[in-house]
Amino acid sequence: MSTRRLVKDIQAGRLKITLTENGHRLEELIAFASRLNPLRGYLFVSRVLGKHIPVRPSVMDSIHAELAEEIKLIGDSAYIVGMAETAVGLGAGTARHLSRLHHYSVFQHTTRFRVTDPWLRIQEAHSHADTMHMARLQGDASIHAQTTADLVLVDDEITTGKTLAQLANALLAQPELLRIRRLHIVSLVNWLDSEAKSQLLALLPQDIEVEFIQLMAGTFTFNAAPNYQAVVPDNVDVDFCDVLTISRYQEPAPVPLEQNGLYGVVFSKHDELPDKLLSRTFDINQPHVVYGMGEFLDSHFQIALALENAGMDVLFQSSTRSPIALGDEVANRLEHPAPGNSSKSHFLYNAPLHCVPLAFDGIGLPQLSQALEASHRHRADKERERVA
């Protein structure tokens, strides 16, 4: 196995990277950016996640399938958890492909939305949004999760694994998951060296088998640039969002359209996209970009994939809470109001301004998706004026 070494300078400092597994895939998998966060200046930007860089849905789907094929289950089912917010879609896609290879899979994701009576509460050491919750599994998802021997935790990258260890221990302590015998830690990129991996394993129950699955692995060091002064913008959304639990103006709180991901969903070989999610109109002769929002993106990714499979020119990505500096490999930034707090913003980076935007909010608040589409069109108009 060959080792690849490189140095990458970004605004926030210098990354020295050593790739020990599939280093030839670096340019396929990641780009680089600088955070507007004084606690952690660097950011590995995935090219295949559909978050900070627009991606062909078919490329995302092939990544989901590749990860699923590498997961070796003890039994014929699995309980998969995607880490909010970045790996929600990655976890859902991996779970969907696992269900096609086995009997079924149960998928759920952690959340930074408030839910009634959270099942779990997790502390996250390095994030500006410093905690996440898990809602209680409901219905068939709860029943099926109790019978599986395989727990799969999915994140886009692993740097220390401490948050994953917290989540794994909290889940494995639940009476609903007493049958779990193997833990699969799945990521696009694993940055743990042998010592860090040993430290992570020491944090986990010793009677549980642990398997690591990733598309690329290595280590890195980061030296901060002394003249880079990152300040978290005032409009960054750092709090839990209560929009799903609090009624306003005598109306009930919105129900997430993807509530199954929040409360658990059972994927099987023959799942189909609900027709109601394809109710939007569009010009099939124009290139489109489908936008999801934050944690609510999987159904919208499925729409984008269906449109691409039908022959349309389609890209996909979703907005995020995370503040990132323009420059490095971040070309532009759009904003839309944060759910439940119009004084705060969520962001979308590297918007493909040549495409027609087709945005979905996922929680029944269409003003959010309309605001994102309007932001896209405004920026596209400005860009056309600039080059005219």
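Criteria and cut-off values
Residues numbered from 1 in each chain as written. Predicted model: local features only at pLDDT ≥ 70, side-chain atom pairs only at ≥ 80, totals over all residues. Heavy atoms only, no water. Helix = DSSP H or I, 4+ residues; strand = E, 2+ residues; numbered from the N terminus. Expected span 1.5 Å × (residues − 1). Contact = heavy atoms within 4.5 Å. Polar contact = N/O pair within 3.5 Å; in protein donor to acceptor, adjacent residues only side chain to side chain. Core = buried A, V, L, I, M, F, W, Y, C linked by side-chain atoms within 4.5 Å. Buried < 20%, exposed > 50% of the residue type's maximum accessible area, 1.4 Å probe, protein only. Pairing = 2+ DSSP bridges. Axes fitted to C-alpha atoms, helices over the stretch in contact; angles between N-to-C directions. Parallel < 35°, antiparallel > 145°, perpendicular 65-115°, else oblique. Left-handed = near helix turned anticlockwise from the far one by under 90°. Nonpolar A, V, L, I, M, F, W, Y, C, P; charged D, E, K, R; others polar.

A. Representation of helix 2 (residues 57-70) in the model. The end-to-end C-alpha distance of helix 2 is 20 Å, a good match for the 20 Å that 14 residues give at a rise of 1.5 Å each. Structurally, helix 2 contributes buried residues whose contacts are with helix 1 (26-29), helix 3 (88-101), strand 10 (182-190), strand 11 (209-224), helix 8 (298-309) and strand 14 (314-319).

B. Region of interest: the side chain of Asn 332. Relative to the elements of secondary structure, Asn 332 occurs in the loop between strand 14 and strand 15 (333-338). Of the polar contacts made by the side chain of Asn 332, one reaches the backbone nitrogen of Ala 351; its length is 2.7 Å. Beyond its immediate stretch of four places on either side in the chain, Asn 332 contacts Leu 326, Leu 348, Tyr 349, Asn 350, Ala 351, Leu 353 and Arg 379.

C. View of the nonpolar core. Within the largest apolar cluster, 92 residues are counted, with the highest numbers of intra-cluster contacts made by Tyr 79 and Leu 171. It is helix 5 (residues 162-172) that contributes the most residues to this core, 7 residues altogether. Membership of the second largest hydrophobic core comes to 23 residues, among which are Cys 241, Leu 353, Ala 359 and Leu 368.

D. Geometry of the pairing of strand 1 (residues 4-10). Pairing of strand 1 with strand 2 (residues 13-21) involves 7 bridges; the strand directions are antiparallel. The residue of strand 2 that forms the bridge with Arg 4 is Leu 19.

E. Here's a closer look at unusual backbone geometry. Glu 85 follows Ala 84 through a cis peptide bond whose omega is -10°. Positive phi is not limited to glycine here, since Asn 22 has a value of about 55°. In this fold, Asn 22 is placed in the loop between strand 2 and helix 1. Taking relative accessible area as the criterion, Asn 22 reaches 30% and is therefore assigned partly exposed. Even without being a glycine, Asp 117 presents a positive backbone phi close to 55°. Mapped onto the fold, Asp 117 is located in the loop between strand 6 (104-109) and strand 7 (120-123). With relative accessibility at 47%, the residue Asp 117 sits in the partly exposed group.

F. Quick look at the sheet that holds strand 14. Read from one edge of the open sheet, 3 strands run 14-13-17, paired in parallel fashion. Because the sheet does not close on itself, it has two edges, and the strands there are strand 14 and strand 17 (356-359). Ignoring which end each strand starts from, the neighbouring axes of this sheet average 25° apart. Sheet analysis places strand 13 (residues 288-293) next to strand 14, joined by 6 bridges and oriented parallel. In the sheet register, Val 289 faces strand 14, and the bridge partner there is Leu 315. Strand contacts of helix 8: strand 13, strand 14 and strand 17, with the helix running at about 170° to strand 14, the strand carrying the most contacts.

G. Representation of the environment of Ala 230. Its place among the elements puts Ala 230 in the loop between strand 11 and helix 7 (259-263). Look at Ala 230 and you get buried, because its relative accessible area is 15%. For the pair formed by Ala 230 and Ala 325, sequence separation is 95 residues and the distance between their alpha carbons is 8.6 Å.

H. Representation of the pairing of strand 4 (residues 42-46) within the structure. Burial analysis of strand 4 places 5 of its 5 residues in the buried class, which makes it a mostly covered element. Residues of strand 4 alternate between two faces, with Tyr 42, Phe 44 and Ser 46 on one and Leu 43 and Val 45 on the opposite face, all of them buried.

I. Inspection of the packing of helix 2 against helix 8 at higher detail. Axis separation between helix 2 and helix 8 bottoms out at 8 Å; the angle between their running directions is 115°. Taken as axis vectors, helix 2 and helix 8 run roughly perpendicular relative to one another. Both helix 2 and helix 8 take part in a crossing whose hand is left-handed. Contacts from Pro 57, Ser 58, Met 60, Asp 61 and His 64 of helix 2 reach helix 8 at Phe 301, Ala 304, Leu 305 and Glu 308. Residues of the contact of helix 2 with helix 8, tallied by class, amount to 5 nonpolar, 2 polar and 2 charged.

What is shown is where atoms sit, not what they do.
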